Amino acid sequence: MESTEKTRRMLVVAYDGAQILDIACPSGALDIANRYGADPPYSIELGTLGRRAVRSSTGIVLGAGRRLEGVTGRLDTLMVVGGAGSEEAAADARLLAQVVRLAERSRRVASVCTGASVLAAAGLLDGRRATTHWGYGEGLAARHPEVAVDVAPLYIRDGNVYTSAGVTSALDLTLSLIEEDHGASLARAVARELVTHLHRPADQAQISVYLSAPPSGGRAVGDLMAYVAGHLTADLSPGALAARAGVSTRHLSRLFAAHAGTTPARAVRAARTEAAAHLVRTSRLSLAAVARRCGFRSAQTLRQAFVDRYGTSGDTIRRMPDMPAVRTASGRETPEA
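Residues numbered from 1 in each chain as written. Predicted model: local features only at pLDDT ≥ 70, side-chain atom pairs only at ≥ 80, totals over all residues. Heavy atoms only, no water.

For strand β6 (residues 75-80), the buried fraction is high: six of the six residues fall into the buried class. Taken together, the four bridges between strand β1 (residues 8-13) and β6 define a ladder with parallel strand orientation. Bridge pairing links Val-12 to Met-79 in β6. Relative to strand β7 (residues 106-111), β6 is paired through five bridges, and the arrangement is parallel. Bridge pairing in β7 places Val-80 opposite Ser-111. (Buried < 20%, exposed > 50% of the residue type's maximum accessible area, 1.4 Å probe, protein only. Helix = DSSP H or I, 4+ residues; strand = E, 2+ residues; numbered from the N terminus. Pairing = 2+ DSSP bridges.)

In structure tokens, the structure reads:
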């Protein structure tokens with residue numbers, strides 16, 4: 001089946017040792033989106049080399065619908081999942097060749113969890129900012145220094161390539177894709193149907209989003225900060241965020257003051273600075289490159305942000321074994337969440 005104006009064709013790439021949740025979260029969410037009236041609807045296919053059935057990491061065997069080598073026509077989304085077998089998959093030249101071929105036919109390309117290692121091995125993340133499961137970020141960065149690995153956000157979009165963190169962040173990413181394709185109302189309807197609670201991995205800065213329609217109060221702030229974390233280079237001015245939330249800039253300021261204890265601009269700067277600090281520590285990128293990828297105008301602007309937030313420079317942060325402490329208004333330091 002080809003992508004047409006009547007369908008959005010998603011092909012999920014699996015292999016032995018794939019994590020079954022990486023497959024189930026996106027496909028289940030898109031199925032619900034279809035039932036709630038996604039127009040055009042999604043068509044969801046599972047593909048493997050040779051159309052072989054694959055044994056997931058749980059031992060459950062999944063039958064494939066498509067032979068990767070035989071897929072032709074346009075794809076809307078190519079998604080590579082993660083799992084215990086991802087390293088073996090990333091070393092499989094036949095699989096990588098198909099991923100490269102299919103990516104050229106796709107409007108967008110995505111990975112879940114350690115599926116980023118497959119995209120990286122295929123060269124699809126070269127020169128891009130990307131994320132993966134927080135426990136595998138250092139290894140990915142070491143094997144692929146040409147990739148700007150940042151394990152802070154739940155998911156990252158760099159051009160038409162999307163990467164997401166561990167396991168259930170596949171759902172966060174898919175909800176974002178649904179919102180991008182069909183708007184926030186449908187994405188919230190899918191989230192409510194799934195009774196989902198969105199958050200970052202436990203040892204990262206956590207964002208919890210309680211979903212109801214329409215979002216209000218702290219929910220609106222949570223939704224916006226989740227968006228900020230995945231779109232650091234976008235227009236995140238108070239006016240743009242207010243428009244996204246459907247409120248005035250004055251009301252947005254009141255919401256942030258009441259529910260985040262800060263202003264929208266300061267919250268965005270903190271998110272960008274935190275992401276930049278993680279990127280400095282986990283990549284070999286220059287400070288200027290980190291600044292561009294995290295939404296800062298220049299390396300000097302980023303240096304000042306580091307000093308303001310952490311009381312130290314980017315070079316010092318790069319040498320630190322752990323994230324630096326955050327400076328509070330009183331001058332006290334608290335560990336970065």
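With that settled, consider the pairing of strand β11 (residues 161-164). Burial along β11 is two-sided: Val-161 and Thr-163 facing one way and Tyr-162 and Ser-164 facing the other are all buried. Strand direction decides the pairing type here: β7 and β11, joined by three bridges, are parallel. Looking at the pairing, Ala-110 lines up with Tyr-162 of β11. By the bridge criterion, four bridges tie strand β10 (residues 155-158) to β11 in an arrangement that is antiparallel. Within the sheet, the bridge partner assigned to Ile-156 lies in β11 and is Thr-163.

Throughout the structure, instances matching the rule amount to 19 salt bridges. For the salt bridge of Arg-108 with Glu-180, the shortest nitrogen-to-oxygen distance reads 3.0 Å. Highlighted residues: Arg-108 in strand β7 and Glu-180 in helix α6 (residues 169-182), separated in sequence by 72 residues. In this structure, Asp-181 engages Arg-108 in a salt bridge whose closest nitrogen and oxygen atoms are separated by 2.6 Å. Of this pair, Asp-181 sits in helix α6 while Arg-108 sits in strand β7, and the two are 73 residues apart along the sequence. Overall, Asp-181 belongs to the buried group, its relative accessible area being 15%. Residues joined by salt bridges that share partners form a network here, namely Arg-8, Asp-76, Arg-107, Arg-108, Arg-157, Glu-180 and Asp-181. (Salt bridge = Lys/Arg side-chain N within 4 Å of Asp/Glu carboxyl O.)

Interpretation in functional terms is not warranted from these geometric data alone.
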